[in-house]
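Residue strings, one per chain:
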Amino acid sequence: MPGHEPARGRRTAERKGDVRERAILDTCEALLATKGHEAMTVADIAQGAGITRAALYFYFGSKQEVVTALVARTVEHLWERSRTTAQADEPRQAVAAAMRRTVELWNAHGLVMRTAIDLSLTVPEIGELWNHTADLFITAITAVLERAGIAPGTAPHQSSALARALCWMIERTFYHASRESPEKLREASATCEHIWLTTAGLTV
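The paragraphs below set out a description of the structure included in this document.

The rules behind these values
Residues numbered from 1 in each chain as written. Predicted model: local features only at pLDDT ≥ 70, side-chain atom pairs only at ≥ 80, totals over all residues. Heavy atoms only, no water. Core = buried A, V, L, I, M, F, W, Y, C linked by side-chain atoms within 4.5 Å. Buried < 20%, exposed > 50% of the residue type's maximum accessible area, 1.4 Å probe, protein only. Helix = DSSP H or I, 4+ residues; strand = E, 2+ residues; numbered from the N terminus. Contact = heavy atoms within 4.5 Å. Expected span 1.5 Å × (residues − 1). Salt bridge = Lys/Arg side-chain N within 4 Å of Asp/Glu carboxyl O. Phe/Tyr/Trp six-rings, centres within 6.5 Å; stacked < 30°, edge-to-face > 60°. Lys NZ or Arg CZ within 6 Å of the ring centre and 35° of its normal. Axes fitted to C-alpha atoms, helices over the stretch in contact; angles between N-to-C directions. Parallel < 35°, antiparallel > 145°, perpendicular 65-115°, else oblique. Left-handed = near helix turned anticlockwise from the far one by under 90°. Nonpolar A, V, L, I, M, F, W, Y, C, P; charged D, E, K, R; others polar.

A separate point is the nonpolar core. With 59 residues, the main nonpolar core has Leu-56 and Trp-196 as its most contacted residues. Among the elements of the structure, α1 (5-34), α2 (42-49), α3 (53-59), α4 (63-87), α5 (91-119), α6 (124-147), α7 (159-177) and α8 (182-199) are those that each provide at least two residues to this core. The leading source of residues in this core is α5, at 12 residues. Look past the residues within four positions of Trp-196 in its chain and what remains in contact with it is Thr-85, Val-95, Ala-98, Met-99, Ile-141, Val-144, Leu-145, Leu-166 and Ile-170.

In C-alpha cells:
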C-alpha cells in the first residue's frame, strides 16, 4: 500500500546510515594507527569512509565527535566485560576471565583506548566515558573481592578502596604494555591477575 512506502524508505535510510557511520568509525580507528590523532583530518576520515566531507558532517560535527563516538563504541565492550565479571560466581575464575577478556580488547582496540586515556583530561565527553568505564570496573572488582571474603567498605583495607587501586593499576599497566607488543600485554595480564588474586587472598 502507498501508505507503507515512507516507512520502508526510512528503514532503508537508517540501515544505510548505520553502515556509513560504522565506516566512518572504522576509518577513524585505522587512521589512529597510520596517522595518529593529531595528524588525521576530517578529510582523511571522509576519504577513507568513501564519502564526501559534507556527508560526514551529516553524521558528526567534527573530528572530535568522530573520535568520541569511536571511544563510546569501544568502551561498550568494556562495559559488557565488567558486567560479566561482576556476575561471575567463583572469584578465581572471575579474575582469570576478566584479565583474558581485557587482553583481547586491548589487542584489538588498544590504540582507541590509549587515545581515550590521553584525551580524557582535555575532552570532557571522553573523560566522562572513560571515568564511567572505570567506575563499572571498580564495581565489578569490588564484587569479586567481597565474594573472596574481603570486607566491604571504603577504608584502605576494604573492598571499595582496594578495587579502585586495582582498577587504575590495571589501566596504567595495560596502557604501557599495549605500546610494545602482544607478548607484553600477556605479561601485564599475568602480573595484574597475580596482584588481584593476592589482594583477594586467593593465591596458594
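Still more to cover.
Structural remark: α-helix, 3.6 residues per turn; residues separated by three or four positions point the same way. The first and last C-alpha atoms of α7 sit 26 Å apart over 19 residues, in line with the 27 Å expected at 1.5 Å per residue. Turning to α7, its buried residues number three or more, namely Ser-159, Ala-163, Leu-166, Cys-167, Ile-170, Glu-171, Phe-174, Tyr-175 and Ala-177. The inward-facing, buried residues of α7 contact α5, α6 and α8.

With that settled, the discussion passes to the pattern of salt bridges. If you walk through the whole model with that rule in mind, you get six salt bridges. Glu-171 serves as the salt-bridge partner of Arg-172, at 3.4 Å between the closest nitrogen and oxygen. Overall, the relative accessible area of 36% leaves Arg-172 in the partly exposed class. When the shortest N-O distance is used, the salt bridge between Glu-183 and Arg-186 registers 2.6 Å. Taken as a pair, Glu-183 and Arg-186 lie in helix α8 at a separation of three residues, close to a single helical turn. Glu-183 gets classed as partly exposed once you look at its relative accessible area, which sits at 38%. Since its relative accessible area comes to 44%, Arg-186 is described here as partly exposed. In this structure, a network of salt bridges that share partners links the residues Asp-26, Glu-29 and Arg-73.

Per the counting criterion, the structure on display carries two aromatic pairs. Geometrically, the ring pair formed by Phe-58 and Tyr-59 is edge-to-face, given 5.2 Å between the ring centres and 85° between the ring planes. Taking the centre distance of 6.1 Å and the plane angle of 40° together, the rings of Trp-106 and Phe-174 count as tilted. Here Trp-106, found in helix α5, pairs with Phe-174, found in helix α7; they are 68 residues apart in sequence, far enough to count as distant. With respect to class, Trp-106 is no different from Phe-174; both count as buried. Its end group placed over the ring of Tyr-175, Arg-172 keeps NZ or CZ at 4.7 Å from the ring centre.

Looking at α2, one finds that the buried residues are Val-42, Asp-44, Ile-45, Ala-46 and Ala-49. Backbone geometry just downstream of α2 places Gly-50 in the positive-phi region, at approximately 75°.

What follows is about the packing of α6 against α7. For the pair α6 and α7, the least separation of the axes is 8 Å and the interaxial angle reads 125°. Comparing their axes, α7 and α6 come out oblique. Handedness of the crossing formed by α6 with α7: right-handed. Each of Trp-130, Asn-131, Ala-134, Asp-135, Phe-137, Ile-138, Ile-141, Thr-142, Leu-145 and Glu-146 in α6 lies in contact with α7, whose residues at this interface are Ser-159, Ser-160, Leu-162, Ala-163, Arg-164, Leu-166, Cys-167, Trp-168, Ile-170 and Glu-171. Among the residues making up the contact of α6 with α7, the classes are represented as 12 nonpolar, four polar and four charged.

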